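Results of the structural survey
Each chain, written out:
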Amino acid sequence: MIVGKVSPVAPPGLTVSTINTGRGDGGRPGRERMVDVRSSPPVSVTGLVLAWLGYLASLTPTMVPRTTTVQVIMSTLLPLSGYAIGAVLGALARQVLGERRWLEQNPTARRLGIAVGVVAALAALLLTPVALRWQTELVAAAGWTLPSWPLVVTLAPALSVLLVLVGRALRAAGRALGRRWLQVVPSPGWATLLGGVTVGVLVAGVAAGAFALLARQYAGWDADTDGQSPPSSALRSGGPGSLVAWQSLGRQGREFVGSGPSAADIEGFSGVPAPEPIRVYVGRDQAAGPEGRAALLVDEVRRTGGFDRDVVVLTVTSGLGSVHPVSAQSVEYVANGDVASAATQYAVVPSWMTAILDRAGARREAEALVEAFTAAAAELPPQDRPRLVLNGESLGAAGSQQVFSGLSPEQVVADFDGVLWVGTPATSALLQQWASFPDGTPPWEPVVGDGSIARFAANADRVPIGDPSWGDRRILFLH
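Scope of this entry: the structure provided in the associated data block. Once a new chain begins, its residue numbering starts again from 1 and follows that chain's sequence as written. Residues qualify for local features only when their pLDDT is at least 70, as the model is predicted, and side-chain atom pairs are given and counted only at 80 or more; totals for whole chains, interfaces and linings, by contrast, use all residues. For the side-chain quantities, the full set of heavy atoms in the structure was used; hydrogens and water were omitted.

Right, let's get into unusual backbone geometry. With phi around 55°, Asn 336 is a residue other than glycine that occupies positive phi space. With respect to the secondary-structure elements, Asn 336 resides in the loop between α11 (325-334) and β5 (339-344). Partly exposed describes any residue whose relative accessible area lies between the buried limit of under 20% and the exposed limit of over 50%, with all areas from a 1.4 Å probe on protein chains only and scaled to the type maximum. Relative accessible area serves as the criterion here: at 17%, Asn 336 is assigned to the buried category. One non-glycine residue, Ser 394, adopts positive backbone phi at about 55°. Among the structural elements, Ser 394 can be located in the loop between β6 (387-393) and α14 (395-403). A helix here means a DSSP run of H or I that spans at least four residues, while a strand means a run of E at least two residues long, and both kinds are numbered starting from the N terminus.

Right under this line is the structure:
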């Protein structure tokens with residue numbers, strides 16, 4: 001039996017119930033326990049301070065420019081992370097020092113806290129446009145525009161408050177379930193813990209269900225061939241004589257082999273005769289695992305005569321299996337069509353989902369592709385080997401860079417004549433290993449050694465193609 005009564009000395013906003021567990025000896029009632037069932041948890045002062053610092057940190061420049069959307073997300077997540085850390089630290093401090101909620105019980109302290117909060121909010125509002133202008137040079141170098149500070153100062157706080165309310169709702173649900181658990185377990189502490197765990201399991205279940213539903217929708221989109229048709233050229237995967245079925249390429253793969261400039265397009269650009277570029281692709285389910293896909297891709301390149309071309313471009317795709325059309329077309333025009341482009345698909349969901357569901361997927365795919373293509377090129381006589389180029393964007397850049405972790409630029413270009421990595425994530429171990437910042441170096445264009453092999457550039461206009469100090473074998477990190 002559970003008996004509850006409200007304590008007449010409870011602080012405002014706090015309801016304290018005494019719980020009779022019914023576990024007394026000799027028929028006597030069990031010991032009453034005090035349970036905190038706070039309906040409106042207090043605002044954490046420590047959390048607010050760290051949230052303010054987190055907001056200011058979100059405004060500082062980074063290596064890659066930020067759009068308004070990205071800035072709003074950063075200005076929401078960093079303050080929320082700071083608040084969560086501060087709230088936990090404050091709760092731990094109260095546990096160590098005792099239940100001393102002096103800020104709630106002292107009117108002067110409460111008014112002072114409100115005043116400090118207002119001043120901090122005004123300071124953040126005034127600093128936002130100033131701080132965003134720090135990015136002016138970086139944004140100009142990349143050819144972008146500055147984030148809209150009015151949208152940042154309105155959307156970021158609104159999203160933060162919304163997420164805090166969601167968190168408080170989950171906390172309230174956990175406490176309510178904790179009171180239910182008191183009917184089963186004797187300890188209020190264990191009941192509260194079980195209530196929180198129950199809510200966590202339910203939230204995780206809902207999130208997993210949402211992920212599964214979203215993954216199914218992407219899989220359906222990937223299999224949908226509406227608006228696409230098989231290529232008629234034998235130089236394209238899925239075309240006549242291809243070793244892979246066109247339907248198996250995935251939507252991005254079908255788009256890749258079904259697009260791109262023709263020989264006539266390239267001739268119109270260069271003014272000289274040009275062969276038709278080769279494009280080959282292997283879908284995720286066409287072979288078993290990364291090694292199987294890599295071996296099949298090598299066979300497709302051989303079938304189309306790709307290793308007889310002047311350049312072979314190996315692309316490690318992003319999560320959906322996409323090859324950036326600009327990257328693919330650029331090399332086809334520059335090489336006057338004498339190029340074979342090859343790629344595989346290892347996931348049917350976007351990069352952010354792939355990074356969550358299969359963090360090592362891009363790395364495994366890149367390892368298999370690099371090994372298979374360098375081995376195939378090594379089998380050819382040196383004078384007959386094509387120039388081998390590695391390309392990766394975003395998750396594809398991150399995965400392919402992991403293959404060379406611990407190696408020097410000289411070791412990378414021993415197998416590849418050129419490497420283009422676009423949108424390298426800041427978490428890349430290779431970036432951390434190679435990049436240095438001599439005095440006067442902008443943070444978005446660090447230096448790699450003497451610059452004779454690897455370089456960084458914020459946009460295409462800042463790539464010194466004609467620099468004689470940049471060797472024939474090049475690695476470019478393009479933001």
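With that settled, the discussion passes to the side chain of Arg 251. Take Arg 251: it is sitting in helix α8 (residues 250-257). In this structure Arg 251 is buried but unpaired, with Asp 224 as the nearest side chain of opposite charge at 4.6 Å. From its side chain, Arg 251 meets the backbone oxygen of Asp 224 in a polar contact 2.5 Å long. Every residue in contact with Arg 251, bar those within four places of it in the chain, is listed here: Trp 221, Asp 222, Asp 224, Thr 225, Asp 226 and Gln 228. Neither His nor the chain ends contribute to the count of charged residues, in which Lys and Arg are positive and Asp and Glu negative. Every case where a carboxyl oxygen of Asp or Glu lies within 4 Å of a side-chain nitrogen of Lys or Arg is listed as a salt bridge. Side-chain atoms alone can form a polar contact between residues adjacent in sequence; in general such a contact is a pair of N or O atoms within 3.5 Å, and within protein one must be able to donate a hydrogen while the other accepts it. Should any heavy atoms of two residues lie within 4.5 Å, those residues are counted as being in contact.

What follows covers the packing of aromatic side chains. Ring geometry is summarised as follows: Phe, Tyr and Trp rings, the Trp one being its six-membered ring, pair when their centres sit within 6.5 Å, and such pairs are stacked at plane angles under 30 degrees, edge-to-face over 60 and tilted between the two. Scanning the entire structure with this criterion turns up nine aromatic pairs. A centroid spacing of 6.1 Å and a plane angle of 90° characterise the contact between Trp 434 and Phe 477, whose relative ring orientation is edge-to-face. Placement of Trp 434 in helix α16 (residues 429-434) and of Phe 477 in strand β9 (residues 474-478) is noted, with a sequence separation of 43 residues between them. For Trp 434, a relative accessible area of 8% corresponds to the buried category. Given a relative accessible area of 1%, Phe 477 falls into the buried group. Taken together, the ring pairs connect Phe 404, Phe 416, Trp 421, Trp 434, Phe 456 and Phe 477 into an aromatic cluster. Consider the ring centre and the ring normal. A charge sits over the ring if Lys NZ or Arg CZ is within 6 Å of that centre and within 35 degrees of that normal. Its guanidinium or amino end placed over the ring of Trp 246, Arg 254 lies 5.6 Å from that ring's centre, counting from NZ or CZ.

Turning our eyes to something else, we now look at the layout of surface pockets. Cavity: a set of points on a 1 Å grid over the protein atoms alone where a 1.4 Å probe fits but cannot get out. Pocket: an open set with protein on both sides within 12 Å along at least five of seven lines, its lining residues, like those of a cavity, having an atom within 4 Å of a point. Grid points are joined across faces, edges and corners, and a volume is the space filled by probe spheres set on the points. By volume, the second largest pocket is sized at about 1,200 Å³. Forming the walls of the second largest pocket are 34 residues, and the residues nearest its centre are Ser 330, Val 331, Val 334, Leu 420 and Leu 476. Looking at the lining of the second largest pocket, the elements that each hand over two or more residues are β4 (311-316), α11, β6, β7 (418-422) and β9. Broken down by element, the residue count for the lining of the second largest pocket peaks at six residues, all from α11. Classification convention: Asp, Glu, Lys, Arg as charged; Ala, Val, Leu, Ile, Met, Phe, Trp, Tyr, Cys, Pro as nonpolar; all other residues, Gly among them, as polar. By residue class, the composition of the lining of the second largest pocket is 20 nonpolar, eight polar and six charged.

Each residue after the first adds 1.5 Å to the expected span of a helix. Between the first and last C-alpha of helix α13 (residues 361-378) there are 26 Å, a value that for 18 residues agrees with the 26 Å anticipated at 1.5 Å per step. Looking only at α13, the buried set comprises Gly 361, Ala 362, Glu 365, Ala 366, Ala 368, Leu 369, Val 370, Phe 373, Thr 374, Ala 376 and Ala 377.

Among buried residues, the Ala, Val, Leu, Ile, Met, Phe, Trp, Tyr and Cys ones that are joined through side-chain atoms within 4.5 Å form a nonpolar core. Leu 297, Phe 373, Leu 390, Phe 404, Trp 421, Trp 434 and Ile 475 are the most contacted members of the largest nonpolar core, which totals 49 residues. The element best represented in this core is α13, accounting for six residues. Not counting residues within four places of it along the chain, the set of residues in contact with Ile 475 comprises Pro 409, Val 412, Val 413, Val 419, Trp 421, Trp 434, Ile 453, Ala 454, Arg 455 and Trp 470. Judged by nonpolar contacts, the second largest core, of eight residues, contains Val 72, Ala 124, Ala 131 and Leu 132.

This next bit is on the packing of helix α10 (residues 289-304) against α13. Axes here mean lines fitted to C-alpha atoms, for a helix over just the part in contact, with angles spanning 0 to 180 degrees between N-to-C directions. Their axes nearest at 8 Å, the elements α10 and α13 cross at an angle of 40°. For the pair α10 and α13, the sense of crossing is right-handed. From α10, Pro 290, Glu 291, Arg 293, Ala 294, Leu 297, Val 298, Val 301 and Arg 302 reach across to α13, where they touch Arg 364, Glu 365, Ala 368, Leu 369, Ala 372, Phe 373 and Ala 376. For the contact of α10 with α13, the class distribution of residues is 10 nonpolar, no polar and five charged. By convention, the crossing between two helices is left-handed when the near helix turns anticlockwise from the far helix through less than a right angle, and right-handed when the turn is clockwise.

Judged from the six bridges that link them, β4 and β6 form a sheet pairing that is parallel. Looking at the pairing, Val 316 lines up with Gly 392 of β6. Note on pairing: DSSP must find at least two bridges between two strands before they are called paired.

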